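Chain by chain, the residues run as shown.
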Amino acid sequence: MVLLAQGVLIYGHFMGHGVLTWLAFSIFLIAFLVLTHIHSRHMRQEKIYKCKERLGLKNADRKMGEWVKFEDNGSEYVCGDHPHSRDLDLFGEASLFQHINDTNTYHGKEILKLLFLTHKRDKEAVLRRQRAIKEIAKNHNFCENIKVIGGMSKNISHDPAEMIRFFENGKTLFPSIFAGVVVRMFPIIIALLVTVNLIIGLNQALLIFTGIVVIAQVMIFVSISNKTEAVLKELGKFGSSLDDFGDMAGLIRQTEFSADLNRSWQAKLPQKWNLRRMTWALNARNITLLDLLLNILFLWDVHLVYALENTRRKGAADMRTWLEAIGYFEAMASVAVLPQLNPDWAYPEISDNMSIKATNIGHPLIEEHDRVTNNLELDGIAIISGSNMSGKTTFLRTVGINMVLMYMGAPVCATSFTAPSASIWTCMKPPDNLKQSISTFYAELLRIKNIIENDEPMLFLIDEIFAGTNSEDRIEGAKQVLLNLSKRQNLGIVTTHDLEVCKAGGFANHHFSEHYVGNEIHFDFKIKDGISTTRNARHLMKMIGIDIK
C-alpha cells in the first residue's frame, strides 16, 4: 500500500497533476493506516485466543495431575529455616505454589509468596482474605482476563525496580514551571505565525520573524537534545510494559468489587492510566524523519519530557504502589483457581479454642481419584504410629498444608474444617550440613529446640521423631520433647515407629495399618484410634526379593 501510494505520488508529480496526486496519496495513506490498525487488532485478538487456550489447558493439567510439569515452581523461595514451608511443599518441585501460580508480574509472584507465608493469622485478617477470594473466584471473566493480559506480555515478569526508580526520581529537566511553559509556547507561537501568514498573505517582515522563532526553537532543541534523549531513551525501555500494566490497571478499575480488601487495593490504582498517551508519543520517535520533523516544528521531545515530569508530580511516583496493587489481584486470581476447580471444598472456620476439627480432610495436591480423606479431632497432642508407607507423613502434611490454605483465605480440601489462629512448626525432613559437620539427627535436635522455644500458640508436626538414633535414646528423647511441648496449650502431632513412645502417658494415640493378600501389601490410608499392632519391614523385604534368614 505504501509503495503504491509512493508510485502514485511520483507519477502524478511528473504528469503535472499536483492536487489530484496529493489527494490520491492522502487516500492511500489513510487506507494504509486503517488497514494497519485492523491488522493489529486481529493480531491481538489471535494472541488473546491462544492465551485463553493455554489457560484452559493449564487448568486441565491441574485436574489430571500434569501440573508438576509447570515451569515456574517458586524454587527460589525455598527456605530451610522457615518454620514450615520446606516440609509442607509450599515451594519447589511438586509444590502448592507450582500448582496454583498463574501470576505474570514480578509483584504478583511476590505477593502470592507472601500469602503462603502470611503472619496475619488473626480471625479478622483471615476472614477478610476469605471474602476477597470468594468474590474474585466467582468472577471468572476477571480472573481469565487479568491472566490473559499478563500472559500476552513479554516484559512484565521482570523485576521492575529500575522502572520504579525512574518514576520515583525527583530530578527534573525543567525545575522551574515557568521555564517549561516558555519552552512549550514556541510551537504555539509558530503555529499562530504560520496561520497569520496564510490569512493575510506572505509578508516579508512576518516571514523573517517566523524564521527567527523557528531558528530559536531549533537552537533550544539542539541545546538540550542530549538531556531529553537520555530521559526518553530510559523511558523507552519500559514503553511496552507500561501499556501492559495500564491494561491490567484498567481492567481492575473497571471491575466492581464489594469485598473490603479488594476495594482497598483497587483504590490504590490511579483513576486513569495517563502513561498510555506517553508511550504512544514515544512510538512516533521510532520513525527518524518524523521524529526530526516533529522536533523542529513542535519540540516533540521537550514536550514529552515535560509531560513525564508533570506526570511524576501528579502521582506517577506512586508506581511501586500501583504495581503492588496489580500484583495483589494477580495473586488472588491465582488462589481463586482452587475454588474454581474444586467447588466442593469448604471455606474453614476460625476457632477461638485451641482445637482442630476436620471432616473428610485430604491432601490438596493429590488428584481426586487417588485422594484418601480422613476425619480429625485434635485438642492437644496426638501420637500416630504405623508401619512404613502406611500414610503417617502424608497425613501430617495434609493437616499442615490445609492450615496454610486456611490462613491464605482459600478453601481447604475438606468437607468442613475448624481450626484456631496458631503458628505452624514442622520437623519432617531436617537437612544435614556437611560443611558445618551437622548430622541429620543433630539438625533434628536443633529444629525441635526451636519448636520448644516458640512461645506463640502453635500447631507442631514432627515426623518419625528421633528416628536417627538408637531405640533407648529415641524413647527417652521423645518423651522429654512431648513433656516440654505439653506445658503450654499447644496442638501437635508426632509420628513414630517405636511403640514405646506411644505409651507416654497423657497423649491421644492413633495409627495407620495395612493388610496382606498373598505376597502383596495393601494400605487403606485411613487413620484409626489406638496404637499400631502391625509391622511390615519383613514383608517389604520379601516382596523386593531379599531372602529372610
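Remember, it's a predicted structure, so these values are computed and weren't measured experimentally. Counting from 1, residues in each chain are numbered in the order their sequence is written. Given that the model is predicted, a residue must reach a pLDDT of at least 70 before its local features are reported, and side-chain atom pairs must reach 80 or more before they are shown or counted; all residues, however, enter totals for whole chains, interfaces and linings. In computing side-chain properties, one takes all heavy atoms of the structure into account and sets aside hydrogens as well as water.

What is the right way to look at the overall build of the protein in this model?
Only runs of H or I of at least four residues qualify as helices and only runs of E of at least two qualify as strands under DSSP, and these elements are numbered from the N terminus. Along its length, the protein carries 21 helices and 12 strands. Within the protein, the fraction of its 549 residues that count as buried is 47%. Partitioning the intrachain contacts of the protein with sequence separation of at least 6 by distance along the chain shows that 73% fall at a separation of at least 24. Surface summary for the protein: the accessible area is close to 28900 Å², and the carbon and sulfur share equals 58%. In this scheme, a residue with accessible area under 20% of its type's maximum is buried, one over 50% is exposed, and one in between is partly exposed, where area comes from a 1.4 Å probe on protein chains only. Pairs of residues are marked as contacts when any of their non-hydrogen atoms sit within 4.5 Å. Exposure was quantified through the Shrake-Rupley algorithm and a 1.4 Å probe, taking into account, for residues, occlusion by the shown protein chains and nothing else.

Even after reading the chapter, I still don't get the sheet that holds strand β4 (residues 381-386), so can you show me in this structure?
The strands that make up a sheet pair up through hydrogen bonds in the backbone, lying either parallel or antiparallel. Two strands qualify as a pair provided DSSP detects at least 2 bridges between them. Taken in spatial order, the 6 strands line up as β6-β7-β8-β4-β9-β12 in an open sheet, and their pairing is mixed. Each having just a single partner strand, β6 (423-427) and β12 (528-529) make up the two edges of the open sheet. Across 4 bridges, strand β7 (residues 458-462) lies against strand β8 (residues 491-496) in parallel orientation. Of the residues in β8, the one forming a bridge with I462 is V494. Taken strand by strand, helix α17 (residues 392-408) contacts β4, β6, β7, β8 and β9 (508-512), and its axis lies near 155 degrees from that of β8. Where helix α18 (residues 440-453) meets the sheet, it contacts β6 and β7, and its direction lies at approximately 160 degrees from that of β6. The axes are straight lines fitted to the C-alpha atoms, using for helices just the contacting stretch, and the angles between their N-to-C directions are given from 0 to 180°.

Looking at this model, I keep getting lost on the pattern of salt bridges. Mind explaining?
A pair is scored as a salt bridge if a Lys or Arg side-chain nitrogen falls within 4 Å of a carboxyl oxygen belonging to Asp or Glu. Across all of its chains, the model carries 19 salt bridges by this definition. Measuring nitrogen to oxygen at the nearest pair gives 3.9 Å for the salt bridge that ties E144 to K52. Note that E144 is positioned in helix α6 (residues 140-152) and K52 in helix α2 (residues 18-64), a separation of 92 residues in sequence. Exposure remark for E144: the relative accessible area of 28% places this residue in the partly exposed category.

Sorry if this is basic, but what is going on with empty space enclosed by the protein here?
Where empty space is left can be seen by rolling a probe of water-molecule size over the atoms. Using a 1 Å grid laid over the protein atoms alone, points where a 1.4 Å probe fits but cannot get out form a cavity; open sets with protein on both sides within 12 Å along at least 5 of 7 lines form a pocket; any residue with an atom within 4 Å of a point counts as lining. Grid points are joined across faces, edges and corners, and a volume is the space filled by probe spheres set on the points. As enumerated under the stated definition, the model contains 1 cavity of 30 Å³ or more in all. Around the largest cavity, the lining residues are T105, Y106, H107, I156, H158, P160, F245 and L323. For this classification, the nonpolar set comprises Ala, Val, Leu, Ile, Met, Phe, Trp, Tyr, Cys and Pro, the charged set comprises Asp, Glu, Lys and Arg, and every other residue, Gly included, is treated as polar. Tallied by class, the residues present in the lining of the largest cavity amount to 5 nonpolar, 3 polar and no charged.

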